[in-house]
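Chain by chain, the residues:
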Amino acid sequence: LGEFVFRCCFCIFGRSRDMSTEKRIKVACRMRPKIARERYDVECCRKTSEEQVVVTEPSDDRESKPRHYNYGFDFAFDASDSQRDIYEEAALDLVDATLEGSNATIFAYGQTGSGKTYTILGEVDESSDNLIKPTSGLFLRSLNDLFTYKTRAKRNWQVEMTLSIVEIYNEDVRDLLNHRKSLRVLGDDAQLPEVRKVSVENLRDVYKYFLIAQDARAVTAT
């Protein structure tokens, strides 16, 4: 099962309150394609439906049959699914929920090299005003929709968008936009009263601060 874990990243999509009859937490599994050094490896996992993944464990000898394990998720994605597919199927509802007053979270986890960064950030078109390209990930796409809403709503509402970027490292919460300052966490809802908030007007503002935070964060293999 090791190759399955190495080739898959998992995304948790959560909202603070139920905006419909759907459940508040959903989990997606994304299987990345093989890279060059894996091209001769046995195919250990494949998507069998929009919600099912089957994992094959090769036998130790020729007489034994391979073992198959079926796993169910709210969403299952493989190399045939584009970045846009994943956003529209799994994450777009969270943007709507946010605009209706809910808090929303997209959380990715998995081993180093499993595809977390590509799924969340993807690639950036720095020559474009909105930075979006076909390989852009959930991060840019969700924020782009929020800025689109802000533009359309400004005739009737005053909308302000602010950004904070923190990391949790060894149980310490650090402010990546304020010299890695350690932050106090208050209450069951994890409020951060001392975190720095910066005003952002467009995706370029967000990306500028993202690069600052990227340089400040701690990096280690997982």
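Draft legend 1. Structural view of the side chain of Ser136. Mapped onto the elements, Ser136 comes out in the loop between α3 (116-120) and α4 (138-153). Among the polar contacts listed, one links the side chain of Ser136 to the backbone oxygen of Glu123, at a separation of 2.7 Å. Residues contacting Ser136, with those up to four places away along its chain left out, are Gln83, Leu121, Gly122, Glu123, Leu131 and Arg141.

Draft legend 2. Representation of helix α5 (residues 203-216). For α5, built from 14 residues, the straight-helix expectation of 20 Å at 1.5 Å per residue is met to within 8% by its first-to-last C-alpha distance of 20 Å. Turning to α5, its buried residues number three or more, namely Leu203, Asp205, Val206, Tyr207, Tyr209, Phe210 and Ala213. Each element contacted by the buried residues of α5 is listed here: α4, β8 (162-163) and β12 (198-199). Capping the start of α5, Asn202 holds a side-chain oxygen 3.1 Å from the backbone nitrogen of Arg204, two or three residues further along.

Draft legend 3. Region of interest: the packing of α4 against α5. Remark: α4 packs on α5, axes separated minimally by 10 Å, with the N-to-C direction vectors making an angle of 140 degrees. Our classification of the angle between α4 and α5 gives oblique. By crossing handedness, the relation of α4 to α5 is classed as right-handed. Residues Phe139, Leu140, Leu143, Asn144 and Phe147 of α4 touch α5, and the partners they reach there are Leu203, Val206 and Phe210. Looking at the contact of α4 with α5 residue by residue, the classes come out as seven nonpolar, one polar and no charged.

Draft legend 4. Quick peek at the environment of Gly101. Looking at where Gly101 falls in the secondary structure, it is placed in the loop between α2 (83-99) and β7 (104-109). Along the chain, Gly101 and Ala218 lie 117 residues apart, while their C-alpha atoms are 32 Å from each other.

Draft legend 5. Inspection of the pattern of salt bridges at higher detail. Counted by the stated rule, this structure contains nine salt bridges. Between Glu50 and Lys47 there is a salt bridge; the shortest N-O distance is 3.9 Å. Among the residues examined, Glu50 registers a relative accessible area of 48% and is labelled partly exposed. The shortest N-O distance in the salt bridge between Lys47 and Asp81 comes to 3.1 Å. Of this pair, Lys47 sits in strand β3 (residues 45-47) while Asp81 sits in the loop between β6 (75-77) and α2, placing them 34 residues apart in sequence. Each member of the pair Lys47 and Asp81 is classed as buried. One salt-bridge network, held together by shared partners, links Glu167, Asp172, Arg174 and Arg180.

About the cut-offs
- Residues numbered from 1 in each chain as written.
- Predicted model: local features only at pLDDT ≥ 70, side-chain atom pairs only at ≥ 80, totals over all residues.
- Heavy atoms only, no water.
- Helix = DSSP H or I, 4+ residues; strand = E, 2+ residues; numbered from the N terminus.
- Polar contact = N/O pair within 3.5 Å; in protein donor to acceptor, adjacent residues only side chain to side chain.
- Contact = heavy atoms within 4.5 Å.
- Expected span 1.5 Å × (residues − 1).
- Buried < 20%, exposed > 50% of the residue type's maximum accessible area, 1.4 Å probe, protein only.
- Axes fitted to C-alpha atoms, helices over the stretch in contact; angles between N-to-C directions.
- Parallel < 35°, antiparallel > 145°, perpendicular 65-115°, else oblique.
- Left-handed = near helix turned anticlockwise from the far one by under 90°.
- Nonpolar A, V, L, I, M, F, W, Y, C, P; charged D, E, K, R; others polar.
- Salt bridge = Lys/Arg side-chain N within 4 Å of Asp/Glu carboxyl O.

Coordinates in, geometry out; function isn't part of it.
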